[in-house]
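Observations on the model geometry
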2 protein chains.
Amino acid sequence: MPEDCIFCKILAGEIPAAKVHETENTLAFEDINPKAPVHVLVIPRKHIPTINDLAREDGALVGEMMLAAREVARLKGVDRSGYRIIFNTNREAGQEVFHIHLHVLGGHPLGPMG
Amino acid sequence: MPEDCIFCKILAGEIPAAKVHETENTLAFEDINPKAPVHVLVIPRKHIPTINDLAREDGALVGEMMLAAREVARLKGVDRSGYRIIFNTNREAGQEVFHIHLHVLGGHPLGPMG
């Protein structure tokens, strides 16, 4: 665990977070600066800095993150109305924390993608 | 294969597409209405209407889509500058084709997420 990783600190219980869902290998919690009425982050317990750093054997882990995101959408009541799942990598996408995470956004009509 | 699914028709070679990358279970091709300098779609060969319809055993398939997206970013030269991967589900996210797909966007600073 990198000492300066805020998501590793959340996983270790050193920084509080509003948990939404968890699985063996993932944790979902409320984004503290929400960009939509529903804005939840899903992270793996394993520290991986960016999507570029995924090993081939991490495919199943990312799949587990996606299944967790689908469950978050259901728990938040936006699975039928609609939701967006986003992974941002590096500067031009605005990645802020270098521990991979996906955003689940919903609760209003979502804007342009790019 | 649903008869009216445009992505199944692309997979069957009945509608042309500018292919970018393919794997055993996925195909990547240029979006015909790009929202950023780089805008590529990655689809599974299996027809699944929405992320809500994923079976638990589809986790590995979605992981393969993500690894394909990472490879698309590398092929397009945006892996270092940055890229966004998006899955849209249902109306409020603007899902237009009901065969799951992810968008790989990059090539300029990407806007707000939600």
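This one's a predicted model, so the numbers in the text were calculated from it and none came from an experiment.

1. Let's talk about helix α2 (residues 59-75) of chain B
All names here are of chain B. For α2, spanning 17 residues, the distance from its first C-alpha to its last is 24 Å, which sits close to the expected 24 Å at 1.5 Å a residue. Judged by how many residues are buried, α2 sits mostly within the fold: 13 of 17 residues are covered. Looking one or two residues past α2, G77 carries a phi angle of roughly 75°, positive in sign.

2. Overview of the nonpolar core
Core analysis: the biggest nonpolar cluster contains 47 residues, and A:F87 and B:F87 have the highest contact counts within it. Of all the secondary structure elements, the ones that give two or more residues to this core are β3 (38-44), α2 (59-75), β4 (83-89) and β5 (102-106) of chain A together with β3 (38-44), α2, β4 (83-89) and β5 (102-106) of chain B. If we ignore the near neighbours within four places in the chain, the residues touching B:F87 are A:M66, A:Y83, A:R84, A:I85, A:F87, B:I51, B:V62, B:M65, B:M66, B:H101 and B:L102. Counting residues in hydrophobic clusters, the runner-up holds 12 residues, among them B:A36, B:I86, B:A93 and B:M113.

3. Let's talk about the packing of aromatic side chains
Residue and element names in this part refer to chain A. Evaluated as defined, the whole model comprises 2 aromatic pairs over all chains. A centroid spacing of 5.7 Å and a plane angle of 75° characterise the contact between F7 and F29, whose relative ring orientation is edge-to-face. With F7 in helix α1 (residues 6-11) and F29 in strand β2 (residues 26-30), this pair connects stretches of sequence that are 22 residues apart.

4. Quick word on the pairing of β4(A)
Here β4(A) lies mainly inside the structure; 7 of its 7 residues are buried. When β4(A) meets β5(A), the two strands line up antiparallel, connected through 4 bridges. Considered in β5(A), the bridge of A:Y83 is made with A:G106. Alignment of β4(A) against β4(B), held across 7 bridges, turns out to be antiparallel. Along β4(B), the bridge assignment pairs A:I86 with B:I86.

5. Things to note about the pattern of salt bridges
All names here are of chain B. One pass over the structure, following the stated rule, counts 11 salt bridges over all chains. Across the pair E71 and R74 runs a salt bridge, and its minimum N-O distance is 2.7 Å. One end of the pair is E71 and the other is R74, both in helix α2 and 3 residues apart, which spans about a single turn.

6. With respect to the confidence of the model for chain A
On average, residues of chain A score 96 in pLDDT, and 99% of them reach the 70 mark or higher. Interface confidence for the predicted complex, expressed as ipTM, amounts to 0.97; the pTM equals 0.97.

7. Here we look at the interface of chain B and chain A
Size of an interface, as often reported, equals the accessible area lost when the parts are brought together. Taken together, the contacts link 39 residues of chain B with 39 residues of chain A. When chain B packs against chain A, the two sides together hide about 3700 Å² of surface, and 53% of this comes from carbon and sulfur. Looking at the side of chain B facing chain A, the largest losses of area belong to B:E92, B:M113 and B:G114, adding up to 21% of the total buried there. Where chain B packs against chain A, one counts 0 salt bridges.

8. Looking at the pairing of β2(A)
Residue and element names in this part refer to chain A. Most of β2 is tucked away, with 4 of its 5 residues classed as buried. Note: strand β1 (residues 19-22) against β2, 3 bridges, orientation antiparallel. Its bridge partner lying in β2, E22 is registered against L27. Pairing geometry for β2 and β3, over 5 bridges, is antiparallel. Each residue of the ladder has a partner; that of A28, found in β3, is V42.

9. Comments concerning the relation of the copies chain B and chain A
Rotating chain B by 180° and moving it 0.0 Å along the rotation axis overlays it on chain A with an RMSD of 0.0 Å. Expressed as a symmetry operation, the mapping of one chain copy onto the other fits a two-fold axis. Here 100% of the contact residues of chain B are again contact residues in chain A; the copies associate through an equivalent surface.

Rules of the game
Residues numbered from 1 in each chain as written. Chains lettered and ligands numbered in written order. Predicted model: local features only at pLDDT ≥ 70, side-chain atom pairs only at ≥ 80, totals over all residues. Heavy atoms only, no water. Helix = DSSP H or I, 4+ residues; strand = E, 2+ residues; numbered from the N terminus. Expected span 1.5 Å × (residues − 1). Buried < 20%, exposed > 50% of the residue type's maximum accessible area, 1.4 Å probe, protein only. Core = buried A, V, L, I, M, F, W, Y, C linked by side-chain atoms within 4.5 Å. Contact = heavy atoms within 4.5 Å. Phe/Tyr/Trp six-rings, centres within 6.5 Å; stacked < 30°, edge-to-face > 60°. Pairing = 2+ DSSP bridges. Salt bridge = Lys/Arg side-chain N within 4 Å of Asp/Glu carboxyl O. pLDDT = per-residue confidence, 0-100. Buried area = accessible area lost by both parts, 1.4 Å probe. Least-squares fit on C-alpha atoms with pLDDT ≥ 70 in both.

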